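Architecture at a glance
These are the residues of each chain, in order.
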Amino acid sequence: MRTAAGMIGSMKKNVLEKSSVEEIRDRFDRDVERFSNLETGQTATVDAALALDLVARSAAATTPAALAMLDIGCGAGNFTLKVLERLPNLDCTLIDLSPNMLARANVRVSTATAGLVYTIRQDIRLVQMPPNSVDVVVAAAVLHHLRDENEWSETFRKIFRWLRPGGSLWIFDFVSHEVEAVQDIMWNRYGDYLAAFQGEQYRDQVFAYVDREDSPRPVLFQCELLREAGFREIDILHKNTCFAAFGARKP
């Protein structure tokens, strides 16, 4: 079992030691079914169903006149589908590395909206979109694949540019902690959650791909970058163990 101290060391690895974009894409290509349950969400995350609901409610309440949304790292489309329950018939743009995930999301979302559905198979770091082109952006369990601070900062700045005035961004993601003792507590709690869910072997499997793939950052680090990008209204919806839901509104 990976210890909390080991996890912190892993998160500080040279980015060249982490999985490549291609390796991450290939793993998700083989894991579509796990991301396709709208009732449970992605079960390796804590409080996935609650986060789905909170993000959808917050997006609808904050941006009630929305016409278009963007889902970054859409997976099988769960977050877009939940938002569409409260903001029906939006135009939807779906971005994902995995062609299999994107194909599943396209089918599911196309049957849930009368709006247009666009798909982009690309790394968010390379995507370009017109300024002021969407009203709602969701990013679920994806931004923790960003590596250095410049990538985080530029991604938030891009999203800010893409949003129309009054638009909102909602994130649910795997996060780290600045205080090592707190990281230790939260990492052990996450291990207990995974082991209780599907056993110690499953816990070790999840910890192994976190070690290879992920470079999460603390919630407050991300909130500071959101403010630097131009967002002025930032709220944390929920946090439990190593997962947090939070969002921001463009003036």
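Owing to the predicted nature of the structure, the values given are computational and were not obtained by experimental measurement.

Rules used in this analysis
- Residues numbered from 1 in each chain as written.
- Predicted model: local features only at pLDDT ≥ 70, side-chain atom pairs only at ≥ 80, totals over all residues.
- Heavy atoms only, no water.
- Helix = DSSP H or I, 4+ residues; strand = E, 2+ residues; numbered from the N terminus.
- Buried < 20%, exposed > 50% of the residue type's maximum accessible area, 1.4 Å probe, protein only.
- Contact = heavy atoms within 4.5 Å.
- Areas by Shrake-Rupley, 256 points an atom, 1.4 Å probe, with all protein chains shown as cover.
- Core = buried A, V, L, I, M, F, W, Y, C linked by side-chain atoms within 4.5 Å.
- Phe/Tyr/Trp six-rings, centres within 6.5 Å; stacked < 30°, edge-to-face > 60°.
- Lys NZ or Arg CZ within 6 Å of the ring centre and 35° of its normal.
- Pairing = 2+ DSSP bridges.
- Right-handed = clockwise from strand over helix to strand, strands pointing away.
- Polar contact = N/O pair within 3.5 Å; in protein donor to acceptor, adjacent residues only side chain to side chain.

1. Some details on the overall build of the protein
- Looking only at helices and strands, the protein features nine helices and seven strands.
- The 251 residues of the protein split such that 57% are buried.
- Sequence separation of at least 24 residues holds for 75% of the intrachain contacts in the protein that already meet a minimum separation of 6.
- Accessible surface, the protein as shown: approximately 11000 Å² in total, 51% of it carbon and sulfur.

2. Here we look at the nonpolar core
- Counting residues in each nonpolar core, the largest one holds 40 residues, and the members touching the most others are Val83, Leu90, Val136, Val138 and Tyr190.
- Top element by residues in this core is helix α3 (residues 48-62). It accounts for six residues.
- Those residues within four positions of Val83 in sequence are excluded, and the remaining contacts are Ala56, Ala59, Met69, Leu90 and Val138.
- Residues Val137, Phe156, Val219 and Ala229 belong to the second largest nonpolar core, which totals 33 residues.

3. Quick word on the packing of aromatic side chains
- According to the stated counting rule, one finds 15 aromatic pairs in the structure shown.
- For the pair Tyr190 and Tyr193, a centre-to-centre distance of 6.3 Å together with 15 degrees between the ring planes defines the contact as stacked. Residue Tyr190 and its partner Tyr193 are located together in helix α7 (residues 180-198), separated by three residues, close to a single helical turn.
- Measuring from ring centre to ring centre gives 6.1 Å for Tyr190 and Phe207, while their planes differ by 45 degrees; the resulting arrangement is tilted. Of this pair, Tyr190 sits in helix α7 while Phe207 is found in helix α8 (residues 200-213), placing the two residues 17 residues apart along the sequence.
- In textbook terms, an aromatic cluster arises when at least three aromatic residues are bridged by ring pairs, as seen for Phe79, Phe172, Phe174, Trp187, Tyr190, Tyr193, Phe197, Tyr202, Phe207 and Phe243.
- Taking the ring centre of Phe221 as reference, the NZ or CZ of Arg217 above it sits at 4.8 Å.
- Lying across the ring of Phe160, Lys250 places its NZ or CZ 4.6 Å from the centre.

4. Here we look at the pairing of strand β6 (residues 233-240)
- Strand direction decides the pairing type here: β6 and strand β7 (residues 243-249), joined by seven bridges, are antiparallel. Opposite Glu233, over in β7, you have Arg249 as the bridge partner.
- As consecutive antiparallel partners, β6 and β7 are separated by two residues, and within that stretch Thr241 has a phi angle of approximately 60 degrees, a positive value.

5. Points about the environment of Ala76
- Note on placement: Ala76 falls in the loop between β1 (68-72) and α4 (78-86).
- Taking the relative accessible area as the measure of exposure, Ala76 reaches 1% and is therefore buried.
- Sequence-wise, Ala76 and Asp96 are 20 residues apart; in three dimensions their C-alpha atoms are separated by 9.3 Å.

6. Some words on helix α9 (residues 219-229)
- Taken together, the buried positions of α9 are Val219, Phe221, Gln222, Cys223, Leu225, Leu226 and Ala229.
- Close packing links the buried residues of α9 with α6 (149-162), β5 (163-174), β6 and β7.
- Once α9 finishes, Gly230 follows within two positions and takes phi at roughly 125 degrees, a positive value.

7. Looking at unusual backbone geometry
- With a phi angle near 55 degrees, Asn132 is a residue other than glycine that sits in the positive phi range.
- Given a relative accessible area of 39%, Asn132 falls into the partly exposed group.

8. Overview of the pairing of β1
- In terms of burial, β1 is largely enclosed, as five of its five residues are buried.
- Of the crossover connections in this fold, the one passing from β1 over α4 to the parallel strand β2 (residues 91-96) is right-handed.
- In this structure, β1 lies alongside strand β4 (residues 134-140), joined through four bridges in parallel fashion. The partner of Met69 across the bridge, within β4, is Val136.

9. A short note on the side chain of Ser176
- As for its placement among the helices and strands, Ser176 is situated in the loop between β5 and α7.
- Reaching out from Ser176, the side chain makes a polar contact with the backbone oxygen of Pro216 at a distance of 3.3 Å.

10. What about α4?
- Of all nine residues in α4, seven are buried; the element is thus mostly enclosed.
- For α4, the complete set of buried residues consists of Asn78, Phe79, Thr80, Leu81, Lys82, Val83 and Leu84.
- Buried residues belonging to α4 abut α3, β1, β2, α5 (99-110), β4 and β5.

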